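Structure at a glance
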Amino acid sequence: MQLKHAFLASSYGTPGQRFRLTAHAGGPRRLFAPGERWAILTAHNQHGVRQESAHNEWQQRLLEQSLSGFDCQAAVNGEGEWAEASLLVRGITLRQACDLGNQFAQAAVLWGSGQRAALVWCGPEDSSDQTGFSSRMERFWVCPSKATHTVTTQQPPLRSESW
């Protein structure tokens, strides 16, 4: 329950365009086009447990390599001491996002279509159906946040290619 609270209390997105998860539609300002598939992915702090920064940076580089060919933007999960470098990945399917979340030992991934978002829980206690999708998915709306964040870690430039 504590981890879920942390995910719901956090803001997400690019440093200049932050959002939060809410139970109700967030108003007229749209952050994503209707039907646009996207995910917020990170390789930091596996299983929700703080890791050494060198390990996090190495894992994040591996994630970036795994996403070559996708349209990615540098993003940030959370704020303060729990701010994590992440990627806003456009055009990714739910299955691809979940597979990467599991590959990089994440507690959850954030996947969306338009202004709808799903917090999808990953991990060994994952209860999947025959299709391989997690049945532990919680649906929310994306609501623009007033929070801003400056990325303080050095990150290599990301490839921005669509397929």
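Structural notes, computed from the coordinates.

On to the overall build of the protein chain. When helices and strands are counted, the protein chain shows three helices and eight strands. Scanning the protein chain from its N terminus toward the C terminus, one meets helices and strands in the order α-β-β-β-α-β-β-α-β-β-β. Burial status across the protein chain gives 42% buried among its 163 residues. Counted over contacts in the protein chain with a minimum sequence separation of 6, partners at least 24 positions apart contribute 63%.

Although it is not a glycine, N45 adopts a positive phi angle of roughly 50°. Checked against the element boundaries, N45 lands in the loop between β3 (37-41) and α2 (53-66). Backbone geometry at H47 places phi at a positive 55°, although glycine is not the residue there. Since its relative accessible area comes to 47%, H47 is described here as partly exposed.

Strand order in this open sheet of eight strands is β1-β2-β8-β7-β6-β3-β5-β4, and the pairing throughout is antiparallel. In the strand order of this sheet, the two ends are held by β1 (12-14) and β4 (71-77), each with one partner. Averaged over all pairs of adjacent strands, the angle between their axes in this sheet comes to 30°, without regard to strand direction. In this structure, β4 lies alongside strand β5 (residues 84-90), joined through seven bridges in antiparallel fashion.

Tallied over the entire structure, the rule returns three salt bridges. Measuring nitrogen to oxygen at the nearest pair gives 2.8 Å for the salt bridge that ties K4 to E138. Of this pair, K4 sits in helix α1 (residues 2-9) while E138 sits in strand β8 (residues 137-144), placing them 134 residues apart in sequence. For R90, the salt bridge goes to E36, with nearest N and O atoms at 2.4 Å. Taken together, the positions of R90 in strand β5 and E36 in the loop between β2 (17-22) and β3 put the pair 54 residues apart, joining distant regions of the chain.

The calculated volume of the largest pocket comes to roughly 410 Å³. Surrounding the largest pocket, 22 residues form its lining, L3, F7, S10, W82 and E84 being those nearest its centre. Broken down by secondary-structure element, the contributors of at least two residues to the lining of the largest pocket are α1, β3 and β6 (108-113). Its residues placed into classes, the lining of the largest pocket shows twelve nonpolar, eight polar and two charged.

With that settled, consider the nonpolar core. Core analysis: the largest hydrophobic core is formed by 20 residues, its most contacted members being L41, L63, L67, V89 and I92. Within the residue set of this core, elements represented by two or more residues are β3, β5, α3 (94-103), β6 and β7 (116-121). For I92, the residues in contact, after removing those within four places along its chain, are R37, W38, A39, L41, L67, F70, A97, L100 and W111. By size, the runner-up hydrophobic cluster in this structure holds 18 residues, among which are F7, A107, A117 and V142.

What counts, and at which threshold
Residues numbered from 1 in each chain as written. Predicted model: local features only at pLDDT ≥ 70, side-chain atom pairs only at ≥ 80, totals over all residues. Heavy atoms only, no water. Helix = DSSP H or I, 4+ residues; strand = E, 2+ residues; numbered from the N terminus. Buried < 20%, exposed > 50% of the residue type's maximum accessible area, 1.4 Å probe, protein only. Contact = heavy atoms within 4.5 Å. Pairing = 2+ DSSP bridges. Axes fitted to C-alpha atoms, helices over the stretch in contact; angles between N-to-C directions. Salt bridge = Lys/Arg side-chain N within 4 Å of Asp/Glu carboxyl O. 1 Å grid on protein atoms, 1.4 Å probe; cavity = no way out; pocket = protein on both sides within 12 Å on 5 of 7 lines; lining within 4 Å. Points joined across faces, edges and corners; volume = space filled by probe spheres on them. Nonpolar A, V, L, I, M, F, W, Y, C, P; charged D, E, K, R; others polar. Core = buried A, V, L, I, M, F, W, Y, C linked by side-chain atoms within 4.5 Å.

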